[in-house]
Amino acid sequence: MDTLSSFIAGRPSTGRTSLPAEATTAEWMEQLRRTRWEIEKREQDPELVARARYAFYADPQTLRRRHADSPGLHQLLEIVESRGPAVDVVLSQPLGAR
């Protein structure tokens, strides 16, 4: 895998970046739904796994803390964390995060 694809969020062709810290629960849930969809597609088509890593830039602990009243968001995070690594879909710290 080339260096560029390991730094891009989302499909390498889209170059998605992480959401801003003030993003709403609905915005985060939409991103997590897209990531869950990516996991499902990769589970069905192993060729997608070989193409490039899919990185979802977010700090799961921060998301859980900021959106504590959203069981749906917590459920989507759990799906991404548990099923994603098997198909090279990873949660990664946002660029510039410390």
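Residues numbered from 1 in each chain as written. Predicted model: local features only at pLDDT ≥ 70, side-chain atom pairs only at ≥ 80, totals over all residues. Heavy atoms only, no water.

Chemist: I'm lost on the overall build of the protein in this one. Help?
Modeler: For the protein, the helix and strand inventory stands at 4 helices and 2 strands. For the protein, the α and β elements follow one another from N to C terminus as α-α-β-α-α-β. Looking at the protein residue by residue over its 98 residues, the buried ones come to 35%. Of the contacts formed within the protein by residues at least 6 apart in sequence, a portion of 69% connects residues at least 24 apart. By element, 51% of the accessible surface of the protein is carried by carbon and sulfur atoms, the whole surface being about 6,000 Å². (Helix = DSSP H or I, 4+ residues; strand = E, 2+ residues; numbered from the N terminus. Buried < 20%, exposed > 50% of the residue type's maximum accessible area, 1.4 Å probe, protein only. Contact = heavy atoms within 4.5 Å. Areas by Shrake-Rupley, 256 points an atom, 1.4 Å probe, with all protein chains shown as cover.)

Chemist: Is there a simple way to explain the packing of helix α1 (residues 25-44) against helix α4 (residues 71-83) in this structure?
Modeler: Packing of α1 against α4 leaves a shortest axis separation of 9 Å and a crossing angle of 30 degrees. Classified by the angle their axes make, α1 and α4 are roughly parallel. You can see that α1 and α4 cross each other, and the crossing is left-handed. Residues T25, W28, M29, L32, R33, T35, R36, I39, E40 and E43 of α1 form the contact with α4, whose own contacting residues are G72, L73, L76, L77, I79, V80 and R83. Grouping the amino acids of the contact of α1 with α4 by side-chain chemistry returns 9 nonpolar, 3 polar and 5 charged. (Axes fitted to C-alpha atoms, helices over the stretch in contact; angles between N-to-C directions. Parallel < 35°, antiparallel > 145°, perpendicular 65-115°, else oblique. Left-handed = near helix turned anticlockwise from the far one by under 90°. Nonpolar A, V, L, I, M, F, W, Y, C, P; charged D, E, K, R; others polar.)

Chemist: How do you make sense of the nonpolar core when you look at a structure like this?
Modeler: Grouped burial of nonpolar side chains is what soluble globular proteins tend to show. Membership of the largest hydrophobic core comes to 15 residues, with the highest contact counts inside it found for W28, L32, L63 and L73. For this core, the elements supplying multiple residues, two or more each, are α1, β1 (54-57) and α4. Not counting residues within four places of it along the chain, the set of residues in contact with W28 comprises L19, P20, A23, F56, Y57, A58, L63, H67 and L73. (Core = buried A, V, L, I, M, F, W, Y, C linked by side-chain atoms within 4.5 Å.)

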